[in-house]
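# Structural characterization, general
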Amino acid sequence: MVLHSANILLISLLATSSVVVHARDPYPPVTCDKRSLIINGSRELLFSGSIHYPRTRPEMWPDLLQKAKFGGINVIQTYIFWNIHEPIYNQFHYEGNADIVKFLKTIHDHGLWVSLRVGPYIAAEWNQGGFPYWLREVPDIIFRSYNDPFMYHMKRFCEMTINMMKKENLFLPQGGPIILLQIENEYGSIQASYRENGVKYVQWAAQMAVSLYNGVPWVMCKQPNAPREVIETCNGRHCADTFTGPNGPNKPMMWTENWTAQYRAFGDPPSQRSSEDIAFSVANFFSMGGSFVDYYMYYGGTNYGRVSSSFVTTRYYDEAPLDEFGLFREPKFGHLRDVHRALKLSKKALLWGEKKTQKINQHVKIIVYEKPGDTSMCAAFIINNKIKIPTIVNFRGVDVYLPAKSISILPDCKTVVFNTQTVTAQHSARNFVTVNTDNNLDWKLYREPIRTFEKLPIKNVVPIELYYLTKDASDYAWYSTSVNFDRRDLPMRPDVLPVMLVENNGHAMVAFLNGEFVGFAHGKLDEKKFTLEKPVNLRPGINHISLLCMTLGIQNSGAHMENRWTGPDALFIKGLNTGTLDLTRNNWGHEVGVSGEKLQLFTEEGTKKVKWTPDTGLGTPATWYKAYFDTPPGNDPLAITMDSMQKGHCWINGKSIGRYWASFLSPLGKPSQSEYHIPRSFLNPQKNLVVVFEEAGGIPHNITILTVNRDTICSFLSEITPPSVRSWERKEEQLRPLVEDLKAGARLICPDSKVIEKVEFASFGNPNGACGMYSEGSCHAPNSHKVVEERCLGKLTCTIPLVRDAFVDRNKDTCSDSFKALAVQVKCGAGAAKL
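Remember, predicted model here, so these are calculated numbers, not experimental data.

Two orientations exist for strands paired in a sheet by backbone hydrogen bonds: parallel and antiparallel. One open sheet holds the three strands; their spatial order is β1-β2-β3, and the pairing between them is antiparallel. Strand pairing shows two members of the sheet lacking a second neighbour, β1 (31-32) and β3 (42-43), which therefore form its edges. Pairing of β1 with strand β2 (residues 37-39) involves two bridges; the strand directions are antiparallel. Counterpart to T31 in the pairing with β2 is I38.

What follows is the structure, encoded as C-alpha cells:
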C-alpha cells in the first residue's frame, strides 16, 4: 500500500506531534530491576525467538507463532525494516508481508509478548542494514553519526513508528504485546570511527528514543558504557562468558542475540551449531543471573526478492529451531524447549532467591539460588566446563553425574530434571521429494538483447558507479563502449589473441564482445573486487564491448556505509601490436535494468510481450526461461532445485522467490544453497508459471519441483539418560512427577497428524551415526527392529522403554558389562492411526 496526499499529511502530523506518555495507558508500565524486566508488577523469565515478518509470508505467521509458543517461547523479537516501509521518500508501504501492525497483533493473539527493535539501523544481513537507498543521497549525510541530516531522518522514522504503535495500542501498558524496544544496533563496534561525534550520537539516540515513549524499557545491544536511559545487552554465542553485565545497578542481564547457527553467504560451507551447545549457553547465562535470551534466529525464513545484503544467500538461518520451511529442526527445537521448561520450573528461586557460588575445582562449580527458610525456593546449576571429561559431583549428599561440557539443572536442589548435553528430544531428517521430471517442465527461452553503446540512454566519459547508477532499483545495469581497430592494430598470427581485462569493484559481471559471450566473473563476501581477463577475437573496424554488471545487495554493516561503491572500474585491451590500450575513459553508455524486467517477463501478462522459442539446451547467458508446473497435492512445503543453473533470479507466478547462485561452490565442492522455498500462497490451484533469468549460462533441464518434509524421525538415548524434563511439573510449590514410571524411554511423535508407517532402523546396543545415517555397532540386540515395530507401527506417537529385558535375554547378552543405547529411525506418512 502506497500512501499519498492526505495519508502522508496524517503521518507527518503524527510524526511531529508531541508524545504524551501514559496519558491513556490502562496498565502499569514495564519496568526493570537488576534481576529482570517487571511485567504487570512481576519479575519474568523471558525466552524470545527472532522471527522477521518480511522474511516470511502472512499465511505462515499463525503456524510459526504457534510452534514457537509450543517450544517455550514467550517473546517474539523483530526488527522494523525501514527500507521496505519507505522505499521512496515519503511514500509508505505496509502491505502483505510488510504489514507490521498485523504481525504484532497476530503475536498478541497467540498470547506472546514482543521485543521490537526499532533501529532504524538493523544490520540483519539486510540490504544496506535497513536504510532505504534514498537516504544515502541526502546532501551532507553521514550515517550513524552526530550529523543533522541523518538525525533528522532517523528521528522522523522512529517517531512515526512509535506513534503508529501507540495509535494501534500495541504497547503493553496500553494492553498490547510490546514489552521492550531497541534503538540502534551494535554501534559499539564502529563508534570509535566517529570519535566525538560517535559519543554524542549514542547519547542523542538514547535520549531521543526515551522521549518518544518510556512506558517500556529501551535497550542498546553491544554498546559498552551505554547511556543511563537504556540497557546494554549482549549479542553472541556465549554471553555468560563474554558479557560483563550492564552498567547500572537496576539494569538486568539480557541477551538480545543468541546465534542459533550463522547466516551464510554464497560460497560458504554449511553453518552448524549443536543443540547441546546452545542449551549449555542458555543454562549458563541464566545461572549467572540472566533473565532474557533471544534466539537469533528462531525462524530465519527467506530473503525474497532483492532484500538481502551483499552476497547473503536467499535462505536465511535455515539451521534455526524452525527451518526455512517452518518445519521443526530436531533435536534443536525439542532440546531448547526442554531447557526452557527446566528454567521455568526454577523460576521462583531464580527471580527471588539469593545467589551463592561454590567452586569445586578449576572446571567445576555449583551455583545455587535459594531463600533461607523457604524450601520451595531453591534451584541449583551444577556446571562442568571440562570439554572432553565427564565428572561426578556430590551435591548435598547426592552424587550427580555430569557429562563433559554440560550443566545439570535441579529446580528443587534435589532432582536433576535436565542436562544440557543429554538430549531426550526426538531427532529428525529433512527429505526433499521430487514431484516432477524434466519431461514435464517444457522450457521456452527468450534471449536478453545485448545492449551496445549507441542504444544506451545514459552517456559518461568513464563507467558510472553502479549503486549510484541503479539507485537500488535493479540488480542489473548495462555498460558499453565501442572501439575501432585497424587491421594493423591486431596480432597477425591466428593463434595469438588480444586479451580483454576488466577491473571491477564488485559484485559480478558477464562480458560480451560484439554480442558474443566472453566470460563471467565475480567477487565474494570478504573480497568484492575481481578481475575478468579473457582472450577475445577482435575484428577490424568497430568492436562493441558490453558488460552486464550485477549487485547482490548493499553492504549491511561497518562505518561510513553511505560511501560504499561498486561496479566496473577500468577496461584494458592487452596484446595489441601497439601495446596495451586503456579504454576506461573511452566514453560509455549505460542503462539500468534488463529489458525482461521492464517487460515483466516473470508475469503471465509479461510473457506475451516477446516471442519465446524452445530451449536449445546450450545454456546461453543473459537468457530468460519459462515453464509451467501443476500444484503438488497435499500441504507439505514446496521448493525448487536450481543446481543445474549458474546464477540468476527466479519467480513463481510473478512473485520473486529470490536470487540463486548454484555455480558459486563452497569449499565442500557444493552450492551453498540448492533448494529455494516456494510458498504455497504463491501458487494457483493448477497451472503455475516459473520464470528464471539466468545470467551466466546455466541449463534448466534438471530444475525440479520438490515437496519438503521431516517425516524421518529418530531417537537416540542411553541407559544413563535421565527422564525427560517433561516428566516433571510444579504443583503446590513442589516439584512433582507427572508419570509414575520415570525411567528413560524413546518417545516418537509424527508431525502433522501422520502415522508411523515404517521402522527404518532400530538397534539396542552401541549404535553409531545420526538421524538418517545410523549403523549398528559391535553390540546389537537382534530383535530390536521387531520390538520397535510392535510398539510403533501405525501409531501417531509411541514410547519405547529403555529396558534391557525388552530387547535381550540376559543369559544371551554378549555385552552385558557396558551401558547400552537405543537408536531408532522411523518414517511417517499419511494413514489411519491404530488405537
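Next up on the list: the pattern of salt bridges. Any two side chains of opposite charge can pair if their charged atoms end up close together. Applying the stated criterion across every chain yields a total of 32 salt bridges. Notably, a salt bridge pairs R396 with E370, separated by 2.9 Å at the nearest N-O pair. With R396 in the loop between β15 (391-395) and β16 (398-402) and E370 in strand β13 (residues 364-371), this residue pair connects regions lying 26 residues apart in the sequence. Classification of E370 as buried rests on a relative accessible area of 19%. We note a salt bridge from R488 to D486, for which the minimum N-O separation is 3.1 Å. Given a relative accessible area of 67%, R488 falls into the exposed group. Each of D318, D323, R329, R430 and R710 takes part in a single network of salt bridges with overlapping partners.

Quick look at the sheet that holds strand β5 (residues 75-79) now. Read once around its circumference, the closed barrel built from eight strands follows the order β4-β5-β6-β7-β8-β9-β10-β11, with strand pairing classed as parallel. Between one strand and the next, the sheet's axes are offset by a mean angle of 30 degrees, whatever the strand orientation. Direction of pairing for strand β10 (residues 253-259) relative to strand β11 (residues 290-299): parallel, over a ladder of five bridges. Looking at β11, one finds that M254 is bridged to F292. Its contacts with the sheet place helix α6 (residues 195-212) against β7 (178-183) and β8 (218-221), and it is angled at close to 155 degrees to β8.

One finds L104, M165, I179 and L181 to be the most contacted residues of the largest nonpolar core, which totals 131 residues. By residue number, the principal contributor to this core is helix α5 (residues 148-167), which donates nine residues. Residues in contact with L104, not counting those within four places in the same chain, are T78, V114, L116, M165, L170, P177 and I178. If you look at the next biggest cluster of nonpolar residues, it comprises 51 residues, including F311, F520, V594 and I657.

Moving on, we get to the packing of aromatic side chains. Under the definition given, this model contains 46 aromatic pairs. Ring geometry for Y89 and W134: centres 5.0 Å apart, planes at 65 degrees, overall edge-to-face. Taken together, the residues span a long stretch of sequence, with Y89 in the loop between α3 (82-85) and α4 (100-109) and W134 in the loop between β6 (113-119) and α5 at a distance of 45 residues. W134 sits in the buried class, given a relative accessible area of 14%. Geometrically, the ring pair formed by Y296 and Y316 is edge-to-face, given 6.5 Å between the ring centres and 90 degrees between the ring planes. One end of the pair, Y296, is in strand β11; the other, Y316, is in the loop between β11 and α9 (332-345), and 20 residues separate them in sequence. Like Y296, the residue Y316 is buried in the burial classification. Through a chain of ring-to-ring contacts, three or more aromatic side chains come together here, namely W82, Y89, Y121, F131, W134, F143, F150, F157, Y187, Y194, Y201 and W204. In this arrangement the basic side chain of K67 is found over the ring face of F328, its NZ or CZ atom lying 5.2 Å from the centre. Residue placement shows K687 over the ring face of Y628; its charged tip is 4.3 Å from the ring centre.

For helix α8 (residues 275-287), built from 13 residues, the straight-helix expectation of 18 Å at 1.5 Å per residue is met to within 8% by its first-to-last C-alpha distance of 18 Å. Considered for burial, the residues of α8 that qualify are S275, I278, A279, F280, S281, V282, A283, N284, F285, F286 and S287. A positive phi of about 110 degrees marks G289, the residue just after α8.

Once that is clear, we can look at α9. In a regular helix each residue adds 1.5 Å, so 14 residues correspond to 20 Å; α9 covers 20 Å between its end C-alpha atoms and thus fits that length. Of all the positions in α9, only K332, F333, G334, H335, L336, R337, D338, V339, H340, A342, L343 and L345 are classed as buried.

On to unusual backbone geometry, then. With an omega dihedral of 15 degrees, the bond running from E330 to P331 counts as a cis peptide bond. By the element assignment, P331 lies in the loop between β11 and α9. The omega angle of the peptide bond from G506 to H507 is 5 degrees, so this bond is cis rather than trans. Turning to its location among the elements, H507 is positioned in the loop between β23 (499-504) and β24 (508-513). The backbone of Q128 shows a phi angle near 50 degrees, a positive value even though the residue is not glycine. If you trace the backbone, Q128 turns up in the loop between β6 and α5. The class for Q128 is buried, based on a relative accessible area of 1%. In this model, Q600 sits at a positive phi of 55 degrees, which is unusual for a non-glycine residue.

This part covers the UniProt feature "domain: SUEL-type lectin" (unreviewed entry) in the chain. Sites flagged by UniProt as "domain: SUEL-type lectin" (unreviewed entry) map to residues 746-829. Annotated as 15% helix and 35% strand, the span residues 746-829 places its first and last C-alpha atoms 20 Å apart.

The next subject is the packing of α5 against α6. The relative placement of two packed helices is expressed as an angle between their axes plus a distance between the axes. One way to put it is that α5 packs onto α6 with a least axis distance of 10 Å and a crossing angle of 25 degrees. For the element pair α5 / α6, the angle class is roughly parallel. As α5 packs across α6, the resulting crossing turns out to be right-handed. Where α5 approaches α6, its residues F150, M151, M154, K155, C158, E159 and I162 are matched on the opposing element by Y201, W204, A205, M208 and L212.

The rules behind these values
- Residue indices follow the written sequence of each chain, beginning from 1 at its first position.
- Totals for whole chains, interfaces and linings use all residues, but because this is a predicted model, local features are given only for residues with pLDDT of at least 70 and pairs of side-chain atoms are given and counted only at 80 or more.
- Note that the side-chain values use all heavy atoms of the structure and ignore hydrogens as well as water.
- Two strands make a pair as long as DSSP finds a minimum of two bridges between them.
- Numbering goes from the N terminus for both helices and strands, where a helix is a DSSP run of H or I of at least four residues and a strand is a run of E of at least two.
- A carboxyl oxygen of Asp or Glu within 4 Å of a side-chain nitrogen of Lys or Arg is what we treat as a salt bridge.
- To sort residues, take the accessible area from a 1.4 Å probe on protein chains only and compare it with the maximum for the residue type: under 20% means buried, over 50% means exposed, and anything in between is partly exposed.
- All axes are obtained by fitting lines to C-alpha atoms, using only the stretch in contact for helices, and the reported angles, taken between N-to-C directions, cover 0 to 180 degrees.
- What makes two residues a contact is simply this: any of their non-hydrogen atoms within 4.5 Å.
- For the purposes of this section, nonpolar cores are sets of buried Ala, Val, Leu, Ile, Met, Phe, Trp, Tyr and Cys residues that join through side-chain atoms within 4.5 Å.
- Two rings from Phe, Tyr or Trp (for Trp, the six-membered ring) form a pair when their centres are within 6.5 Å of each other. A pair whose planes differ by under 30 degrees is stacked, one over 60 is edge-to-face, and the rest are tilted.
- Here, over-ring charges are defined by two tests on the NZ atom of lysine or the CZ atom of arginine: distance to the ring centre within 6 Å, and angle to the ring normal within 35 degrees.
- Working rule for helices: expected span equals 1.5 Å times residues minus one.
- UniProt positions are given in the numbering used here, feature names are shortened, and annotations may be inferred rather than shown by experiment.
- Oblique is the label for every angle not falling under 35 degrees (roughly parallel), over 145 degrees (roughly antiparallel), or within 65 to 115 degrees (roughly perpendicular).
- Crossings are sorted by hand: turned counterclockwise from the far helix by less than a right angle, the near helix makes the crossing left-handed, and turned clockwise it makes it right-handed.

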